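Letter by letter, the chains look like this.
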Amino acid sequence: MIHINRNDPCPCGSGLKYKKCCMNKMTSYSERQLSEQYFRKYRIKLKTPEDIVGIKEAGKLVVDTLKLCEASIKPGMTTDEINTLVHEYTISHGAVPAPLNYHGFPKSVCTSVNDVICHGIPCDRKLVEGDIVNVDVTSILHGYHADANMTFFVGECSDDAKKIVNVARESLKRALTVVKPGNRIGDIGYTIQEYAEGQGCSVVRDYIGHGIGRGFHEAPEVPHYGRKNTGIELVPGMVFTIEPMINLGEPYSRVLSDNWTAVTTDGSLSAQFEQTILVTDTGYEVLTPYDL
């Protein structure tokens, strides 16, 4: 039988011993057993009620930050000014911008414009009428991470820009409907892929969703493509991001010389929306809630 000893490190990632942390927080023997099993087998840290409260608090800050960006973005604004906005707002609320210095990333937020799929580095580039820009915010508050992003229109945009943003938004919205205990990670990817490709768009394979909590990137990995009834079974307490990156053209990407910025290989537009999701006993709860 899979078992975590009292003196083992707690699977929640707190750094404390199991007996000093989550051993007595699970409400039943079966929950403790499931938590141990998922950590041993998949390295997935099922979240306690205390963890969920912490991620929710970080999530509220993330969403408030995105709303501030949405109200501020306009033609002539630089992506570095978006970075300053996010950085100062995050720090002023007692949190830390998780991207800053993460594996060497030089800024506090990712800003991805037009054909940039993800991980765009803020700079002196000025946004112009007709651009689309994704702002990806991850905050650490009281030791907990939350992660969400949105793609915004800059002024009046083309029909192609409107299409890719709407398809990306709807892809995430549809993915949420299959998040419930008993379904599998492959069901999430299948739902996104079937819809996006049905709209004549493509799903990026190179970047995926991920578990989140005490760590920025935890298990499990959550691809945005896949087959039904495959992958890890979803159980209550799992927390992960769903963040489909949808291209107007081909699904392929390349990374620029800065070793971060990922762009479409064919120069087509790309859009993305992201939420941090909790699997509940009956379905899901969005821990970074905003309207889709």
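Whatever comes next refers back to the structure up there.
Nothing here was measured: the structure is a model prediction, and the numbers come from that model.

Cut-off values and rules
Residues numbered from 1 in each chain as written. Predicted model: local features only at pLDDT ≥ 70, side-chain atom pairs only at ≥ 80, totals over all residues. Heavy atoms only, no water. Helix = DSSP H or I, 4+ residues; strand = E, 2+ residues; numbered from the N terminus. Rg over C-alpha atoms; globule rule 2.2 N^0.38 Å. Buried < 20%, exposed > 50% of the residue type's maximum accessible area, 1.4 Å probe, protein only. Contact = heavy atoms within 4.5 Å. Lys, Arg positive; Asp, Glu negative; His and termini not counted. Charge placed at Lys NZ, Arg CZ, Asp CG, Glu CD. Pairing = 2+ DSSP bridges. Core = buried A, V, L, I, M, F, W, Y, C linked by side-chain atoms within 4.5 Å. Axes fitted to C-alpha atoms, helices over the stretch in contact; angles between N-to-C directions. Left-handed = near helix turned anticlockwise from the far one by under 90°. Nonpolar A, V, L, I, M, F, W, Y, C, P; charged D, E, K, R; others polar. Salt bridge = Lys/Arg side-chain N within 4 Å of Asp/Glu carboxyl O.

S.K.: Account for the overall build of the protein chain, with residues named and values stated.
M.R.: On a plain count of helices and strands, the protein chain comes out with five helices and 15 strands. On C-alpha atoms alone, the protein chain measures out to a radius of gyration of 19 Å, which is about the 19 Å that the 2.2 N^0.38 rule sets for 292 residues. For the protein chain, the spread of C-alpha atoms along the three principal axes comes to 60 × 45 × 35 Å. When the 292 residues of the protein chain are sorted by exposure, 52% land in the buried category. In the protein chain, the proportion of contacts linking residues at least 24 apart, taken out of those at least 6 apart, comes to 67%. The positive charge centre, built from 30 side chains, and the negative charge centre, built from 36, are 8 Å apart in the protein chain.

S.K.: Give me the sheet that holds strand β13 (residues 270-272): which residues, what numbers.
M.R.: Strand order in this open sheet of three strands is β6-β10-β13, and the pairing throughout is antiparallel. The outermost strands of the open sheet, each flanked by one partner alone, are β6 (202-203) and β13. As paired strands, strand β10 (residues 245-247) and β13 are joined by three bridges and run antiparallel to one another. Counterpart to Ile246 in the pairing with β13 is Ala271.

S.K.: Can you lay out the nonpolar core for me, pointing to particular residues and giving the numbers?
M.R.: Core analysis: the biggest nonpolar cluster contains 67 residues, and Ile73, Val135, Ile188, Met238, Phe240, Ile242 and Ile246 have the highest contact counts within it. Looking at this core, the elements that each hand over two or more residues are α2 (49-72), α3 (79-92), β4 (132-141), β5 (144-153), α4 (159-176), α5 (185-198), β9 (239-242) and β14 (275-279). Beyond its immediate sequence surroundings of up to four residues, Ile246 is in contact with Ile164, Val167, Ala168, Ser171, Ile192, Ala196, Cys201, Ser202, Val203, Leu269, Ser270 and Ala271.

S.K.: Kindly report on the packing of α4 against α5, identifying the contributing residues and their values.
M.R.: The contact between α4 and α5 brings their axes to 9 Å, and the two run at 145 degrees. Handedness of the crossing formed by α4 with α5: right-handed. Only Ile188, Thr191, Ile192, Tyr195 and Ala196 of α5 make contact with α4, whose side of the interface consists of Val167, Glu170, Ser171, Arg174 and Ala175. Classifying every residue of the contact of α4 with α5 by side-chain character gives six nonpolar, two polar and two charged.

S.K.: Quick one: what's the story with the sheet that holds strand β12 (residues 262-264), residue by residue and with numbers?
M.R.: Adjacent strands of a sheet form backbone hydrogen bonds with each other and so pair up, either parallel or antiparallel. The three strands are arranged β3-β12-β11 in an open sheet whose pairing can be described as antiparallel. Of all strands in the sheet, those bounded by a partner on one side alone are β3 (116-118) and β11 (253-255). Between one strand and the next, the sheet's axes are offset by a mean angle of 40 degrees, whatever the strand orientation. Where β3 lies against β12, two bridges are found, and the strand directions are antiparallel. Bridging across to β12, Cys118 finds its partner in Ala262.

S.K.: Tell me about the packing of α2 against α3, and please be specific about residues and values.
M.R.: Contact geometry of α2 with α3 gives a least axis separation of 10 Å together with a crossing angle of 145 degrees. Between α2 and α3 lies a crossing whose hand is right-handed. Contacts from Leu61, Asp64, Thr65, Leu68, Cys69 and Ser72 in α2 reach Ile82, Leu85, Val86, Tyr89 and Thr90 in α3. Residue composition of the contact of α2 with α3, grouped by class: seven nonpolar, three polar and one charged.

S.K.: Describe the pattern of salt bridges, and please don't skip the residues or the numbers.
M.R.: Opposite charge on two side chains makes pairing possible when the charged atoms of those side chains draw close. The final tally for this structure, using the stated rule, is nine salt bridges. Of the charged contacts in the structure, one is a salt bridge between Asp64 and Lys60, with a shortest N-O distance of 2.9 Å. Of this pair, Asp64 and Lys60 both sit in helix α2, four residues apart, which is roughly one turn of the helix.

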